[in-house]
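Now for the letters of each chain:
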Amino acid sequence: MQTFSAAVIRRRKEILVLTVLLCIVSVFVALTVRVNYDLASYLPKESPSTKAMGLISAKIPNLQVYLPGVPVGEVSAAKEKLKAIPGVEEVLWLDDAKSDMMQPLEMMPPALRDPFYQDGPMFQATLKKESQAQTVPLIRETFPDALLKGEAADTARTINTTMKEIASIMVYVVPICFVILILATHHWLEPVLFLLAIGAAILINEGTNVFLGSVSFVTRAASAVLQLAVSIDYAVFLLHRFSERREEGASIEEAMRLAMQQAASSIASSAMTTVFGFMALMLMRFGLGMDMGIVLTKGVILSYLSVMVVLPAATVSLAGPLEKTAHRPLLPSFKGFGAFVVRRLAPLALIAL
């Protein structure tokens, strides 16, 4: 570890430049990663559901579109408008079931007419599975008064709600992490370094998903949040050791070398515990486990490498501004609490049990 830590400090500028380039490339590459919205594709090949879906070769309508208040004379135009929406493969209505449309609707048998028209047309539409999340909102935008029902509507609602909720979680998680880091560190700049190091690992993880070909929308939505949550403490371990060595009088470079050597085993142990936990997901017969397991395992390993390579390089490079942003500890020392626990070990153990 001595040789490795010395090399990281010596090559810190090259490391930071390479990291920036990798992040830039990852941003563009991540945009090319296909997001799989079809959870049924992750079912085991031998499962009854997979076999049943494999027997269905014809296109089956997966969305019902009801347009209340649209008169009969405008149905054909509405149908063509619906068919023109990207992602809509086929639209069926009464004129597809009955060749003779010269007969007034009022004269048709209710059993034939009612499924297709009741104060407005009811269309049976077939949407492409891979684009349901985008197509359903387009239909709602084109027909604001439309009432939608069916598998495609349910799938689109689930996907869009999930993506929206996960995005809103990030709005809360990042500021909360920032506040906690401010309380747990001794320099105002340290939380910024933490988030930059973990953020770089997240970006590179998203970019390297290109080697998987595609990821599920669940994995795409949750992986960044989980990677941030499980790996932010690696950075705390390292910089706490760095601060301790600085307080003992070591130079900046020497303090970081010692900190890397002393924190390496703790960070590696924490990372490997998380890695094996995520690798266990790969044992699931449901393919979503393999998908999430690979992405999250890869993310934790990249976070570990970022903390052990990028963070030391950035910290030493920004040592001057870092030292100028020092502040008094914002958390108590907990020495009194520790002494109390040691004196009351037996009763506290009983309470815990």
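Now for a description of the structure that goes with this document. Small disclaimer: the values here were computed from a predicted structure and weren't measured.

**Quick look at the overall build of the protein**
Looking only at helices and strands, the protein features 15 helices and 6 strands. Considering only C-alpha atoms, the protein reaches an extent of 95 × 55 × 40 Å along its principal axes. Per-residue burial over the protein gives 39% buried out of 353 residues. Pairs at least 24 apart in sequence give 77% of the contacts found in the protein among residues at least 6 apart. Of the roughly 19,300 Å² of accessible surface on the protein, a fraction of 67% belongs to carbon and sulfur atoms. Averaged over its 31 positive side-chain charges, the protein has a centre that lies 10 Å from the centre of its 29 negative ones.

**With respect to the packing of helix α9 (residues 190-208) against helix α10 (residues 217-247)**
At their nearest, the axes of α9 and α10 sit 9 Å apart, and the two run at 140° to each other. Of the possible angle classes, the one that applies to α9 and α10 is oblique. In the crossing of α9 with α10, the sense of the turn from one axis to the other is right-handed. Residues E190, F194, L195, I198, A201, I202, N205 and E206 of α9 touch α10, and the partners they reach there are R220, S223, A224, Q227, L228, S231, I232, A235, V236, L239 and S243. In the contact of α9 with α10, the residues fall into 11 nonpolar, 5 polar and 3 charged.

**Overview of the packing of aromatic side chains**
One pair of aromatic rings is described through two measures. These are the centre distance and the angle between the planes. For the structure shown, the criterion picks out 1 aromatic pair. Each ring, one from W93 and one from F123, has its centre 6.4 Å from the other, and the planes form 55°; the classification is tilted. Taken as a pair, W93 in the loop between β3 (88-92) and α5 (94-97) and F123 in strand β4 (residues 122-127) lie far apart in primary sequence, 30 residues in all. On the accessibility criterion, F123 (0% relative accessible area) is buried. Here the basic side chain of K81 rests over the ring of F143, its NZ or CZ set 5.7 Å away from the ring centre.

**Some thoughts on the environment of R34**
One can find R34 in strand β1 (residues 34-36). A relative accessible area of 47% means that R34 is categorised as partly exposed. With 78 residues separating them in the primary sequence, R34 and L112 have C-alpha atoms 42 Å apart. Setting aside residues up to four positions removed in sequence, R34 forms contacts with G213, S214 and V215.

**Structural notes on the packing of α9 against helix α12 (residues 287-317)**
Following both chains from N to C, one finds α9 and α12 inclined at 140°, their axes separated by 8 Å at the closest point. Between α9 and α12, the interaxial angle falls into the category oblique. Between α9 and α12 lies a crossing of right-handed hand. Here L193, F194, A197, I198, A201, I204, N205 and T208 of α9 lie close against α12, whose contacting residues are V295, K298, G299, L302, S303, S306, V307, L311, A314 and T315.

**Description of the sheet that holds strand β5 (residues 147-149)**
Reading across from one edge, β3-β4-β2-β5 is the order of the 4 strands in this open sheet, with antiparallel pairing throughout. Edge positions in the sheet fall to β3 and β5, since each of these pairs with one other strand and no more. Looking at each pair of strands side by side, their axes are set apart by 25° on average, direction ignored. One ladder, built from 4 bridges, connects strand β2 (residues 63-66) with β4; its direction is antiparallel. Within β4, the position partnered with Q64 by the bridge is Q124. In the packing of helix α7 (residues 132-142) onto the sheet, the strands contacted are β2, β3, β4 and β5, and the crossing angle to β4 comes to about 150°.

**Topic: the pairing of β2**
Both β2 and β5 contribute to a ladder of 3 bridges, which runs antiparallel. Paired with Q64 across the two strands is K149, which belongs to β5.

**Description of a nonpolar patch on the surface**
Together, V17, V20, L21, I24, V27, F28, L31 and L203 make up an exposed nonpolar region whose accessible area comes to about 760 Å². At 6 residues, helix α2 (residues 12-30) tops the list of elements feeding residues into the nonpolar patch. Examined against the element boundaries, F28 turns out to sit in helix α2.

**Things to note about the environment of M272**
Structurally, M272 is set in helix α11 (residues 252-279). We classify M272 as partly exposed; its relative accessible area is 39%. Once the C-alpha coordinates of M272 and L22 are considered, the two residues, 250 residues apart in sequence, prove to be 24 Å apart.

Cut-offs and rules
Residues numbered from 1 in each chain as written. Predicted model: local features only at pLDDT ≥ 70, side-chain atom pairs only at ≥ 80, totals over all residues. Heavy atoms only, no water. Helix = DSSP H or I, 4+ residues; strand = E, 2+ residues; numbered from the N terminus. Buried < 20%, exposed > 50% of the residue type's maximum accessible area, 1.4 Å probe, protein only. Contact = heavy atoms within 4.5 Å. Areas by Shrake-Rupley, 256 points an atom, 1.4 Å probe, with all protein chains shown as cover. Lys, Arg positive; Asp, Glu negative; His and termini not counted. Charge placed at Lys NZ, Arg CZ, Asp CG, Glu CD. Axes fitted to C-alpha atoms, helices over the stretch in contact; angles between N-to-C directions. Parallel < 35°, antiparallel > 145°, perpendicular 65-115°, else oblique. Left-handed = near helix turned anticlockwise from the far one by under 90°. Nonpolar A, V, L, I, M, F, W, Y, C, P; charged D, E, K, R; others polar. Phe/Tyr/Trp six-rings, centres within 6.5 Å; stacked < 30°, edge-to-face > 60°. Lys NZ or Arg CZ within 6 Å of the ring centre and 35° of its normal. Pairing = 2+ DSSP bridges. Patch = residues over 30% accessible without salt bridge, like charges linked within 9 Å, V, L, I, M, F, W, Y side chains within 5 Å. Salt bridge = Lys/Arg side-chain N within 4 Å of Asp/Glu carboxyl O.

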